[in-house]
Amino acid sequence: MHREFPPVAFLAALSLLLPLPWHWRARNVATLSIIAWLFVLNVVYAVDAILWGNNINIIIPVWCDITTKIIIGSTFALPAACLCICIHLERVASVRAKTSHHDKRNRQLFELFMCLGLPMVFMGLHYIVQGHRFDIIEEYGCRPTTYVSIPAIFLIWVPPLTLSAIALGFAYASFVHFMRRRATFTRHVGTSRNGLTTSRYFRLMLMAVVEMIWNIVVTSYTLWFSTMDMRPWTNWDDVHSNFSRVDLYASAFTPQIVITNFYLVWWVVPTSTFIFVAFFAFGKDAVDEYKACISWLRRISLKQTTEQTTSGGFGSSPVVRYPRAVAPSPPIMLKSEKSSIPSSQTKFEVDDYDYYTSSYDEQASKFPAPAYCGRAYGSVGDFRTFDTRLTLPPFSYVLDISPTRDYSTDAHQMA
């Protein structure tokens, strides 16, 4: 008995919840479909491994009828979703993507048909090459059955391979458009109002390419293994004779090569899940989601207020709210060189800087002015910090930025 099957499948299903919030807010139908299909498949695999861990009894026939069709539909849904992603990325990179509400809705409807409607069509077409009801395999549970023949090849294996190949073609076109516009690509993506950034764009493209290559390898392998027992298509009645039967595969009476094939194929779904999660669970968007979730949990469980939640990384100190600093005083235009300097200030010169000290400050706090020696008035409120008490005696400073030592009445004498 493979005791690792249920926990691995459940872990894979739960890991899909990590990138879910961002994709849900972005309304990415294709990526949401990938998450939904993989989540359901992992749950099905986990339940099957529990129910049929050491037996081949027909426990829940209706469950098997439903789940076997879901497994068939997933072989079309995943490459179709990746194709939708690659089509969208290619349109974005080629500056042909439209961002109006009507165009976005049309794209979502198209992706919904490709990711849900098309798989349901092939679920129904599978009945053409379905030799009997389903199979039950010890340790693996319910699996769909296919009458391996020429029609089955074109109905079950060729369409996923075709979708994967087309998706790779669009991915290549996206890369070509990027190379042509790489100098302005970041600015274009940032202003296209499609919710994409350069990082998200490349993560989506790499995920789709890796998933499609993986899907082509797996589909080709299952096609090769299945055609080892190739049978001729005679007629409808012959193919569907005794259709209601259920074939049972006990481990003790199943050839080792078949058991090995079942084992390898079982790991396809968890591996596909972990590939998808690896591209989205560790990016900046995901980290921001984790921080928001932790802050929400702290507010709920520890009843902390918003001002007490952390603002930085994990374990950072709470945010302390201080009162706002006093707004700086507006500058005063000097009318002439005879403008008086407040008696509370004393002027002295050091090299190219003029300094004015306040009689109220025994330590002679100095306020340097640039070498241009222009003049403007301000108040001590300009230099108050968050920890400065607001009871200091008011005094003014003078900043002189005129271009010469001669304080003329030119128009440049202003603060």
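Residues numbered from 1 in each chain as written. Predicted model: local features only at pLDDT ≥ 70, side-chain atom pairs only at ≥ 80, totals over all residues. Heavy atoms only, no water.

**Observations regarding the nonpolar core**
Side chains of a nonpolar character, in soluble globular proteins, are inclined to be buried together. Formed by 53 residues in total, the largest nonpolar core has its most connected members in Ile-34, Tyr-45, Ile-85, Met-114, Met-207, Trp-266 and Phe-276. Of all the secondary structure elements, the ones that give two or more residues to this core are helix H1 (5–15), helix H3 (29–51), helix H4 (61–93), helix H5 (101–125), helix H6 (150–180), helix H8 (198–226), helix H10 (256–266) and helix H11 (268–280). Among the elements that make up this core, the one with the highest residue count is H4 (16 residues). Ala-152, Ile-153, Ile-156 and Trp-157 belong to the second-largest nonpolar core, a separate cluster that totals eight residues. (Core = buried A, V, L, I, M, F, W, Y, C linked by side-chain atoms within 4.5 Å. Buried < 20%, exposed > 50% of the residue type's maximum accessible area, 1.4 Å probe, protein only. Helix = DSSP H or I, 4+ residues; strand = E, 2+ residues; numbered from the N terminus.)

**Let's talk about the packing of aromatic side chains**
To describe a pair of aromatic rings, one takes the distance between the centres and the angle between the planes. Tallied over the full model, the rule gives 17 aromatic pairs. Pairing Phe-5 with Trp-266 gives two aromatic rings, centres 3.9 Å apart and planes at 15°, and the pair type is stacked. One end of the pair, Phe-5, is in helix H1; the other, Trp-266, is in helix H10, and 261 residues separate them in sequence. Residues Phe-5 and Trp-266 agree in their burial class; the two are buried. Judged by centre distance (4.1 Å) and plane angle (10°), the ring pair of Phe-76 and Phe-122 falls under stacked. Of this pair, Phe-76 sits in helix H4 while Phe-122 sits in helix H5; the two residues are 46 residues apart in sequence, bridging distant segments of the chain. (Phe/Tyr/Trp six-rings, centres within 6.5 Å; stacked < 30°, edge-to-face > 60°.)

**Considering the pattern of salt bridges**
Tallied over the entire structure, the rule returns four salt bridges. A salt bridge links Arg-143 to Asp-48; the shortest N-O distance between them is 3.5 Å. Residue Arg-143 is found in strand E2 (residues 141–143), and its partner Asp-48 is found in helix H3; the two are separated by 95 residues along the sequence. Take Asp-48: its relative accessible area is 0%, and that puts it in the buried class. (Salt bridge = Lys/Arg side-chain N within 4 Å of Asp/Glu carboxyl O.)

**Quick word on empty space enclosed by the protein**
The tally for this structure, following the rule as stated, stands at two cavities of 30 Å³ or more. Put simply, the second largest cavity is a space of about 40 Å³. What lines the second largest cavity is Ile-137, Glu-138, Tyr-140, Tyr-249, Ala-250, Ser-251, Thr-254, Ile-259 and Phe-262. Taken together, the residues that form the lining of the second largest cavity break down as six nonpolar, two polar and one charged. (1 Å grid on protein atoms, 1.4 Å probe; cavity = no way out; pocket = protein on both sides within 12 Å on 5 of 7 lines; lining within 4 Å. Points joined across faces, edges and corners; volume = space filled by probe spheres on them. Nonpolar A, V, L, I, M, F, W, Y, C, P; charged D, E, K, R; others polar.)

**Some details on the packing of H1 against H11**
Where H1 contacts H11, the axes come no closer than 9 Å and their chain directions differ by 30°. Judged by the angle between their axes, H1 and H11 are roughly parallel. Considering only the axes of H1 and H11, their crossing is left-handed. Along the contact surface, H1 presents Val-8, Ala-12 and Ser-15, while H11 presents Pro-270, Thr-273, Phe-274 and Val-277. (Axes fitted to C-alpha atoms, helices over the stretch in contact; angles between N-to-C directions. Parallel < 35°, antiparallel > 145°, perpendicular 65-115°, else oblique. Left-handed = near helix turned anticlockwise from the far one by under 90°. Contact = heavy atoms within 4.5 Å.)

**What to know about the side chain of Glu-211**
Relative to the elements of secondary structure, Glu-211 occurs in helix H8. The buried charged residue Glu-211 lacks any salt bridge partner; its closest oppositely charged side chain belongs to Arg-203, at an N-O distance of 13 Å. With residues up to four places along the chain from it excluded, the contact list for Glu-211 reads Cys-82, Ser-272, Ile-275 and Phe-276. (Lys, Arg positive; Asp, Glu negative; His and termini not counted.)

**Things to note about unusual backbone geometry**
Residues other than glycine seldom take positive phi values, yet Glu-139 does so here, at roughly 80°. Structurally, Glu-139 can be placed in the loop between strand E1 (134–137) and E2. On the accessibility criterion, Glu-139 (12% relative accessible area) is buried. Here the phi dihedral of Asn-242 falls at roughly 55°; this positive angle occurs in a residue that is not glycine. Mapped onto the elements, Asn-242 comes out in the loop between helix H9 (236–239) and strand E3 (246–249).

**Some details on the environment of Asn-42**
Relative to the helices and strands, Asn-42 resides in helix H3. C-alpha separation for the pair Asn-42 and Leu-11, spaced 31 residues apart in sequence, amounts to 8.7 Å. Among the polar contacts made by the side chain of Asn-42, one reaches the main-chain carbonyl oxygen of Leu-38 at a distance of 2.6 Å. In this structure the side chain of Asn-42 is engaged in a polar contact, spanning 2.9 Å, whose partner is the side chain of Thr-273. (Polar contact = N/O pair within 3.5 Å; in protein donor to acceptor, adjacent residues only side chain to side chain.)

**Brief notes about the sheet that holds E1**
The three strands are arranged E2-E1-E3 in an open sheet whose pairing can be described as mixed. Because the sheet does not close on itself, it has two edges, and the strands there are E2 and E3. On average, each strand axis in the sheet is inclined to that of its neighbour by 25°, with strand direction left out of account. Its contacts with the sheet put H4 on E1 and E2, and the angle it makes with E2 is roughly 50°. (Pairing = 2+ DSSP bridges.)

**A word on the confidence of the model for the protein**
Segments scoring low in pLDDT should not have their predicted coordinates read at a detailed level. Looking at the protein as a whole, the pLDDT averages 76, with 67% of positions reaching at least 70. Between residues 305–329, whose pLDDT stays under 50, and residues either more than four places distant or in other chains, the model counts 25 contacts. Within the model, pLDDT remains below 50 along residues 331–415, and this stretch shows 147 contacts once partners closer than five positions in the same chain are excluded. (pLDDT = per-residue confidence, 0-100.)

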